[in-house]
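Okay, here's what each chain looks like letter by letter:
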Amino acid sequence: MRVRIVVVVALLASLSAVAPSSARTEKLPAAPPAPATVALEWNANAVAAVRAASVIDPPGTAARPLYQTEGLLYTSYVQAAVYDAATKIGHRYLPYHQFSAAAGHASLQAAVIAAAYHTLVFYLGDPGGTLAARYAASIAALPDDPATARGIAVGQAAAADIEALRANDGRNAPVSTPFGAGPLRPGLWVFAPPPSPQIAQTPWMAVMRPFMLGSTSQFRAPAPPALTSALYTHDFNETKAYGSAASAVRTPAQTAIAYFWNANAINQLNQALQDAAIQHNMDLLDTVRLLAAGNMVPTDAGMACFDSKYTYQFWRPVTAIRNADIDGNPATTADPAWTPLLTTPNHPEYPSQHGCVTSALAQVLANTLGTSRINATIPGAQGGATTLTTSQTFATMHDLYAQLVNARVWIGFHYRNSVVAGENLGTAVAKWELQRYFLSTGNDQ
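Residues numbered from 1 in each chain as written. Predicted model: local features only at pLDDT ≥ 70, side-chain atom pairs only at ≥ 80, totals over all residues. Heavy atoms only, no water.

For this particular structure, what's the right way to read the overall build of the protein?
The helix and strand tally for the protein stands at 14 helices and 4 strands. Here the protein, with 445 residues, has 52% of them falling under the buried criterion. Put simply, 79% of the contacts in the protein that link residues at least 6 apart link residues at least 24 apart. Element-wise, carbon and sulfur atoms account for 58% of the exposed surface of the protein, whose accessible area totals about 19,000 Å². The centroid of the 26 positive side-chain charges in the protein is displaced by 6 Å from the centroid of its 26 negative side-chain charges. (Helix = DSSP H or I, 4+ residues; strand = E, 2+ residues; numbered from the N terminus. Buried < 20%, exposed > 50% of the residue type's maximum accessible area, 1.4 Å probe, protein only. Contact = heavy atoms within 4.5 Å. Areas by Shrake-Rupley, 256 points an atom, 1.4 Å probe, with all protein chains shown as cover. Lys, Arg positive; Asp, Glu negative; His and termini not counted. Charge placed at Lys NZ, Arg CZ, Asp CG, Glu CD.)

Put into structure tokens, the structure is as follows:
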């Protein structure tokens, strides 16, 4: 028996010694993560295309640029398609929406480029050929091989899937209610005095189908305070004093903060996301996720905000202060000549749209980084312009929230409670959505 055991052991040893190397199990080095370059480039291309686009809405009016939350809707279409294309190949995160495509051995970069390009052209067209030229240059920079061709096909399929999914979602739907037209009644929003155009901004966004929420009313804000309440009285008098164009109490530093948050939100939000991806050395998959969540979640928060706005139709400070003699509150005094620091937007006051959208952005950053200490650099504007010419770094979400509340009061657009209500709404939307979407699969290929 001993002899037989020795012979068997020797035989196994000899087989192991002569086994070819291909039969051994070896752990091959993982492919290096794809760089984020194409995701950042095509996010910038999307922002530029959205800012250059115009729309005739409502029908019969002159063509106009896209409003801020309306523009974020279009960047969300793009980033949703890009995210789905990337997750189809990379498998690091769960897709927003499943679609069919052969993704094996496909180029992740090509998929990102193709998804962004085809979604943009579908929604905005390309009358000057700018997008086509950028698409050709982006694809030409990739290897001319089957992997690139497969990636392009995945990107095209992702774009087509989002286009089909979002068909008839309520975008630009006609609205018959004459919002803002009056007559003037206590607490009711009416158009700000000329020269503002007498057209309500995108009331259809209040009732369209969100990306992830069950409905725009899912997190509707509580009713605004009564006109005779202590809260309204305090907020009215604060905005009257600090938000006036001729304010004697607002400091130059406070004016600069008010101007900072007058930046166009489409540029401001996406530049902040791009900067965060670069600051934290994110690879392509992580960057795509950040850009998708960072556009889609704030856009849903913006839709939910419009639901509350057009439900309550609460009057703006410019109307309330000029007509305080009809509000039934002896602690408020009318000033018929009062004017805010900048021209008031033409949608109802409560809650603050900037509060809704910016708080949702902050939640996305905190979720991505795994901490409320976001250390985020946010670009902003100066002197009443909307272009990005300066920036601030916010150590925490609380710092960002606190400054935003002050800024919307000091610009004369909002009451303090309205901005807080907006931040609460945006935070609730973001937390609900981030618990259900953009989740890790635990399987990174």
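This is not the end of the story, as more comes after the structure.
Whenever I open this one, the packing of helix α2 (residues 37-52) against helix α3 (residues 68-90) confuses me. Can you help?
Describing two packed helices takes the angle between their axes plus the distance from one axis to the other. Packing of α2 against α3 leaves a shortest axis separation of 10 Å and a crossing angle of 145°. The crossing of α2 and α3 is right-handed. Residues Asn43, Ala46 and Val50 of α2 form the contact with α3, whose own contacting residues are Gly71, Tyr74, Thr75, Val78 and Gln79. Taken together, the residues of the contact of α2 with α3 break down into 4 nonpolar, 4 polar and no charged. (Axes fitted to C-alpha atoms, helices over the stretch in contact; angles between N-to-C directions. Left-handed = near helix turned anticlockwise from the far one by under 90°. Nonpolar A, V, L, I, M, F, W, Y, C, P; charged D, E, K, R; others polar.)

It is not clear to me how empty space enclosed by the protein should be interpreted in this structure. Could you clarify?
Over the atoms, a rolled probe matching the size of one water molecule traces out where space is still vacant. With the rule as written, the count across this model stands at 3 cavities of 30 Å³ or more. Taken as a whole, the largest cavity spans an internal volume of roughly 60 Å³. In terms of lining residues, the largest cavity is bounded by Trp261, Ala265, Gln268, Leu269, Ala272, Val357, Thr358, Leu361 and Ile378. For the lining of the largest cavity, the elements supplying multiple residues, two or more each, are α9 (265-279) and α12 (353-369). For the lining of the largest cavity, the leading source of residues is α9, giving 4 residues. Residue classes in the lining of the largest cavity are distributed as 7 nonpolar, 2 polar and no charged. (1 Å grid on protein atoms, 1.4 Å probe; cavity = no way out; pocket = protein on both sides within 12 Å on 5 of 7 lines; lining within 4 Å. Points joined across faces, edges and corners; volume = space filled by probe spheres on them.)

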